[in-house]
Amino acid sequence: MWLLAAILSSLFAGLTAILAKCGIKHTDSDVATAVRTSVVLLFSWIMVLCVGSASTITCIRPTSLVFLILSGLSTGASWICYFKALSTGDVNKVVPIDKSSTILSVLLAIVLLGETDHLALKLLSTALLSAGIFLMVEPKKTGTPQKHGPWFLYAVLSAVFGALTSILAKFGITGVESNLGTAIRTLVVLLIAWGIVLAKKKQAQVKAIERRELLFLVLSGIATGASWLCYYYAIQNGVVSVVVPLDKLSIVVTILFSYVVFHEKLSPRALTGLCLMVGGTLAMTLGA
C-alpha cells in the first residue's frame, strides 16, 4: 500500500510544479508560496477531520513534535528557494536540481536510519541518479546562460532542505497519524511563508494577484496537499530510501507537461539524463 501511496505522491507532485509555474508569471514568488501554503493547510486539516485524528494531537510525544516542527522549517526553506528558482529558471532545469535531494536523502537514510538492505543496488541507483541530474542541468544554447544564475543557487538550496525534510519527517511521524503529522508540518510552513511576506511588506500584493494566476495557485496547493498526504503515509509505513526516489519520478510528469504547456524541449543530453534518473529510481524500487 505504501508503494501505491508513493506513486500517487509522485503524480500529484509532478502536477504541482507546472500549476505553480503558471501561477507565478506575474505574482511574486514569496506571495505565491504563502497563498499556496494556505490552501495546503486547509486541505490537510480537512483530511485530519475526515479521518478523525485531531483528538490524538495531545498524545504526540514532545520528541516527535520537535522533529515535525524542524521538518516544517526545512520544508518552508525548501519551498521558498524552489519557487524563487522556478520564477526565473526553466522548469526542466530547476526540477532536476531540486530532485537531487533524492541522493542526499538516500545517503542519510542509510547512515541515520540504518536502511542498508540491498545496499549495493541502492548505491548503484544513486550513482545513476547523480549522472542523470548532471546531464539534465545544462546551460541554454540561446540567450543568456543560466547555469550560474541566481535560480541555480536557489534550486541547490531547495534540494538540500528537501533532503533534510524527509529524514526529519521520518523521525517526527513515528507514532503520529500521517494526516495529522502533515497538518502540523504545514502549519509551521505557513507561519514561515507569511512571516516572510510580512517582513518584506508584500502583503498588499495578495489583492493584486490576477484571477487566473490565483486559480493556478489554488490548484497547485491542492495538488501539493494530495501529494504530501500520500508521501507522508508512505514515509511512515515504508522505506525512506525507496519512497523518496519513487516520489521523485514526478520529474517525468513535470517534464512532459513543461513540453506541452511551456514548449520547453529536452536536448539529447538532457533526455539521456532523464532516462538515467528514471532507470536509477526504478532500480531503487527493486529492493522494496
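Located above this text is the structure these notes cover.
Computed from a predicted model, the values in this text were never measured in an experiment.

Concerning the overall build of the protein
Helices and strands together make up the secondary structure of the protein, namely 12 helices and 0 strands. Ordering the α and β elements of the protein from the N terminus gives α-α-α-α-α-α-α-α-α-α-α-α. Over its C-alpha atoms the protein spans a radius of gyration of 18 Å, differing by no more than 12% from the 19 Å that the globule rule assigns to 288 residues. By principal-axis analysis of the C-alpha atoms, the protein measures approximately 55 × 55 × 25 Å.

Quick notes on unusual backbone geometry
Of note in this structure, Lys 201 is not a glycine but carries a positive phi near 55 degrees. Assignment of secondary structure puts Lys 201 in the loop between helix H8 (178-199) and helix H9 (211-237). Judged by relative accessible area, Lys 201 falls into the exposed class, the value being 69%.

Considering the nonpolar core
Tyr 82, Leu 86, Val 94, Ile 235, Val 243 and Ile 251 are the most contacted members of the largest nonpolar core, which has 59 residues in total. In terms of residue count, H9 provides more of this core than any other element does, 7 residues in total. Those residues within four positions of Val 243 in sequence are excluded, and the remaining contacts are Trp 2, Ala 6, Tyr 231, Ala 234, Ile 235 and Gly 238.

Describing the side chain of Ser 53
Secondary-structure assignment places Ser 53 in the loop between helix H2 (29-51) and helix H3 (62-88). Once residues lying within four places of it in the same chain are set aside, the contact partners of Ser 53 are Val 48, Glu 177 and Leu 180.

Considerations on the packing of helix H7 (residues 150-173) against H9
Following both chains from N to C, one finds H7 and H9 inclined at 65 degrees, their axes separated by 9 Å at the closest point. The angle between the axes of H7 and H9 places the two elements in the roughly perpendicular class. When you trace H7 past H9, the crossing you get is right-handed. Here Thr 165, Ser 166, Ala 169, Lys 170 and Ile 173 of H7 come into contact with H9, specifically with Tyr 231, Tyr 232, Ile 235 and Gln 236. Tallied by class, the residues present in the contact of H7 with H9 amount to 5 nonpolar, 3 polar and 1 charged.

Points about the packing of aromatic side chains
Aromatic ring pairs: the centre-centre distance and the angle between the two ring planes describe each pair. One pass over the structure, following the stated rule, counts 2 aromatic pairs. Relative to Phe 152, the ring of Trp 151 lies with its centre 5.8 Å away and its plane at 90 degrees, an arrangement referred to as edge-to-face.

Points about a nonpolar patch on the surface
The grouping of Met 1, Leu 4, Ile 7, Leu 8, Leu 11, Phe 12, Leu 15, Leu 256 and Phe 257 at the surface amounts to a nonpolar patch, some 810 Å² of accessible area in total. Elements that contribute at least two residues to the nonpolar patch include exactly helix H1 (2-23) and helix H11 (250-262). The residue Ile 7 is located in helix H1 in this model.

Basis of the calculations
Each chain has its residues counted from 1, following the order in which its sequence is written. This being a predicted model, a pLDDT of at least 70 is required before a residue's local features are given, and a value of 80 or more before pairs of side-chain atoms are given or counted; all residues contribute to the totals for chains, interfaces and linings. For side-chain calculations, the full set of non-hydrogen atoms in the structure is used, while hydrogens and water are omitted. A run of DSSP states H or I qualifies as a helix once it reaches four residues; a run of E qualifies as a strand once it reaches two. Both are numbered from the N-terminal end. C-alpha atoms define the radius of gyration, and 2.2 Å times the number of residues to the power 0.38 defines the globule rule. Exposure is judged per residue with a 1.4 Å probe applied to protein chains only, and the accessible area is read against the type maximum: over 50% gives exposed, under 20% gives buried, and values in between give partly exposed. For our purposes a nonpolar core is just a set of buried Ala, Val, Leu, Ile, Met, Phe, Trp, Tyr and Cys residues, chained together by side-chain atoms within 4.5 Å. Between two residues, a contact is recorded if the distance between any of their heavy atoms is within 4.5 Å. The convention used is that axes are lines fitted to C-alpha atoms, helices contributing only their stretch in contact, and that angles between N-to-C directions extend from 0 to 180 degrees. Comment on the angle field: the value is read as roughly parallel under 35 degrees, roughly antiparallel over 145, roughly perpendicular from 65 to 115, and oblique elsewhere. When the near helix sits turned anticlockwise from the far one by under a right angle, the crossing is termed left-handed; a clockwise turn instead gives a right-handed crossing. For this classification, Asp, Glu, Lys and Arg are treated as charged, while Ala, Val, Leu, Ile, Met, Phe, Trp, Tyr, Cys and Pro are nonpolar and the rest, including Gly, are polar. Ring pairs are drawn from Phe, Tyr and Trp, using the six-membered ring of Trp, whenever the two centres fall within 6.5 Å, and their geometry is named by plane angle: stacked under 30 degrees, edge-to-face over 60, tilted for the rest. Patches were defined on residues exceeding 30% relative accessible area and lacking a salt bridge, with like-charge contacts within 9 Å and nonpolar side-chain contacts (Val, Leu, Ile, Met, Phe, Trp, Tyr) within 5 Å. Each accessible area is a Shrake-Rupley result for a 1.4 Å probe, and residues are judged covered by the shown protein chains and nothing else. Any carboxyl oxygen of Asp or Glu within 4 Å of a side-chain nitrogen of Lys or Arg constitutes a salt bridge here.

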